[in-house]
Amino acid sequence: QLQLQESGPGLVKPSETPSLTCTVSGGSISSSSYYWGWIRQPPGKGLEWIGSIYYSGKTYYNPSLKSRVAISIDTSKNQFSLKLSSVAAADTAVYYCAREIGLLTGFIQNWGQGTLVTVSS
Amino acid sequence: QSVLTQPPSASATPGQRVTISCSGSSSNIGSNTVNWYQQLPGTAPKLLIYSNNQRSSGVPDRFSGSKSGTSASLAISGLQSEDEADYYCAVWDDNLNGRVFGGGTKLTVL
């Protein structure tokens, strides 16, 4: 059964560039059938798609975050990662990693449990 | 401000039917398939409906989805207390070249 587990710093300071990693088990991240994505949810608010990556390294980013986001994939470790630069308090959120089937006609099939990242000095 | 518009809240009594709407535009719902996610309190979202009207594995047939033009709907019949959750619609937006979510609807079972 596929499992996704996020890891990263729980607390970061403003202007820092935290990195989050999603470890995938029970399935190969190199499969051509899936995309791998990041979604976040500020406390008490709705979901926001951050971006997705294909096993080939092709990326798609939310235009509102594109200048600060970098998603990468490491097929040897079955992991993919998110870097968000110049964070501010508004970036405080639960960050979920996910497996997506397709893009235009696709959907998020599996979600990690989420990890809270708090931006505070 | 979400690209997709959902009512912030909905409520009904057990056994009733409730419908949650999701309004978009020609660049998202009008062009691509709609998905619905259920988020129970304190948990990660879960796929409920994909490709407009296909139930995800294990989802009871009390849940159904539909799409017409630039709007979509999620219907829940025979409402149960465990259906109390936040519901989100989502779709790919061709103009933004990215996935967009509705603002979410909090369903209360009275």
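A short tour of the structure in this document, coming up. (Residues numbered from 1 in each chain as written. Chains lettered and ligands numbered in written order. Predicted model: local features only at pLDDT ≥ 70, side-chain atom pairs only at ≥ 80, totals over all residues. Heavy atoms only, no water.)

1. Overview of the overall build of chain A
Right, on to step 1. Counting its secondary structure elements, chain A contains zero helices and 11 strands.
Right, on to step 2. At 14 Å, chain A has a C-alpha radius of gyration in line with the 14 Å of a compact globule built from 121 residues.
Right, on to step 3. Counting only C-alpha atoms, chain A reaches 40 × 25 × 25 Å along its principal axes.
Right, on to step 4. Out of the 121 residues belonging to chain A, those deemed buried represent 49%.
Right, on to step 5. Partitioning the contacts of chain A with sequence separation of at least 6, the portion at a separation of at least 24 is 54%.
Right, on to step 6. Accessible surface for chain A amounts to roughly 5,500 Å². Of this, 47% is attributable to carbon and sulfur atoms.
Right, on to step 7. Of the charged side chains in chain A, 9 are positive and 6 negative, and the gap between their average positions amounts to 4 Å. (Helix = DSSP H or I, 4+ residues; strand = E, 2+ residues; numbered from the N terminus. Rg over C-alpha atoms; globule rule 2.2 N^0.38 Å. Buried < 20%, exposed > 50% of the residue type's maximum accessible area, 1.4 Å probe, protein only. Contact = heavy atoms within 4.5 Å. Areas by Shrake-Rupley, 256 points an atom, 1.4 Å probe, with all protein chains shown as cover. Lys, Arg positive; Asp, Glu negative; His and termini not counted. Charge placed at Lys NZ, Arg CZ, Asp CG, Glu CD.)

2. Describing the state of the cysteines
Right, on to step 1. All told, the structure shown has two disulfides over all chains when counted by the stated rule.
Right, on to step 2. In this model Cys22 of chain A forms its disulfide with Cys97 of chain A; the gap between the sulfur atoms is 2.1 Å. Disulfide Cys22 of chain A-Cys97 of chain A: the torsion about the S-S bond is 55°, which places it as right-handed. Pair noted here: Cys22 of chain A is in strand E3 (residues 19-25) and Cys97 of chain A is in strand E9 (residues 93-101), with a separation of 75 residues, a long-range link.
Right, on to step 3. Here Cys22 of chain B connects covalently by a disulfide to Cys89 of chain B, the sulfurs 2.0 Å from one another. Since a negative S-S torsion denotes a left-handed disulfide, the Cys22 of chain B-Cys89 of chain B link at about 75° is right-handed. Taken together, the positions of Cys22 of chain B in strand E2 (residues 18-23) and Cys89 of chain B in strand E8 (residues 85-93) put the pair 67 residues apart, joining distant regions of the chain. The burial state of Cys22 of chain B is the same as that of Cys89 of chain B; both residues are buried. (Disulfide = S-S within 2.5 Å.)

3. Notes on the nonpolar core
Right, on to step 1. Ranked by size, the top nonpolar core spans 25 residues in total, and within it Trp38 and Phe80 of chain A carry the most contacts.
Right, on to step 2. Going through the elements one at a time, E3, strand E4 (35-41), strand E5 (48-54), strand E7 (69-74), strand E8 (79-84), E9 and strand E11 (115-119) of chain A are the ones with two or more residues in this core.
Right, on to step 3. Counting 24 residues, the second largest nonpolar core, distinct from the first, contains Ala10, Val59, Cys89 and Val91 of chain B. (Core = buried A, V, L, I, M, F, W, Y, C linked by side-chain atoms within 4.5 Å.)

4. Some words on the interface of chain A and chain B
Right, on to step 1. Counting residues at the interface gives 23 residues for chain A and 21 residues for chain B.
Right, on to step 2. Among the residues chain A hides against chain B, the three largest losses belong to Leu47, Leu104 and Phe107 of chain A. Together they make up 33% of the total.
Right, on to step 3. At the surface where chain A touches chain B, the tally comes to one salt bridge.
Right, on to step 4. One can count eight residue pairs in polar contact (both at pLDDT 80 or more) joining chain A with chain B.
Right, on to step 5. Looking at the side of chain A that touches chain B, the elements that each hand over two or more residues are E4, E5, strand E6 (59-61), E9 and strand E10 (107-111) of chain A.
Right, on to step 6. The greatest single-element share of the side of chain A that touches chain B, amounting to four residues, is contributed by E10 of chain A.
Right, on to step 7. Classifying every residue of the side of chain A that touches chain B by side-chain character gives 12 nonpolar, eight polar and three charged. (Buried area = accessible area lost by both parts, 1.4 Å probe. Salt bridge = Lys/Arg side-chain N within 4 Å of Asp/Glu carboxyl O. Polar contact = N/O pair within 3.5 Å; in protein donor to acceptor, adjacent residues only side chain to side chain. Nonpolar A, V, L, I, M, F, W, Y, C, P; charged D, E, K, R; others polar.)

5. Considering the sheet that holds strand E7 (residues 71-76) of chain B
All names here are of chain B.
Right, on to step 1. Here three strands make up an open sheet; going across it, the order is E2-E7-E6 and the pairing antiparallel. Of all strands in the sheet, those bounded by a partner on one side alone are E2 and strand E6 (63-68). The mean angle between the axes of side-by-side strands here comes to 20°, regardless of whether they run parallel or antiparallel. (Pairing = 2+ DSSP bridges. Axes fitted to C-alpha atoms, helices over the stretch in contact; angles between N-to-C directions.)

6. Regarding the pairing of E8 of chain B
Residues and elements named next belong to chain B.
Right, on to step 1. For E8, a buried count of eight out of nine residues is recorded, marking the element as mostly surrounded by other parts of the structure.
Right, on to step 2. In terms of strand pairing, strand E3 (residues 35-39) meets E8 through five bridges, oriented antiparallel. Residue pairing in the sheet places Gln38 in a bridge with Tyr87 of E8.
Right, on to step 3. Looking at chain direction, E8 and strand E9 (residues 98-101) are connected through four bridges and run antiparallel. Counted as the bridge partner of Asp93 is Gly98 from E9.

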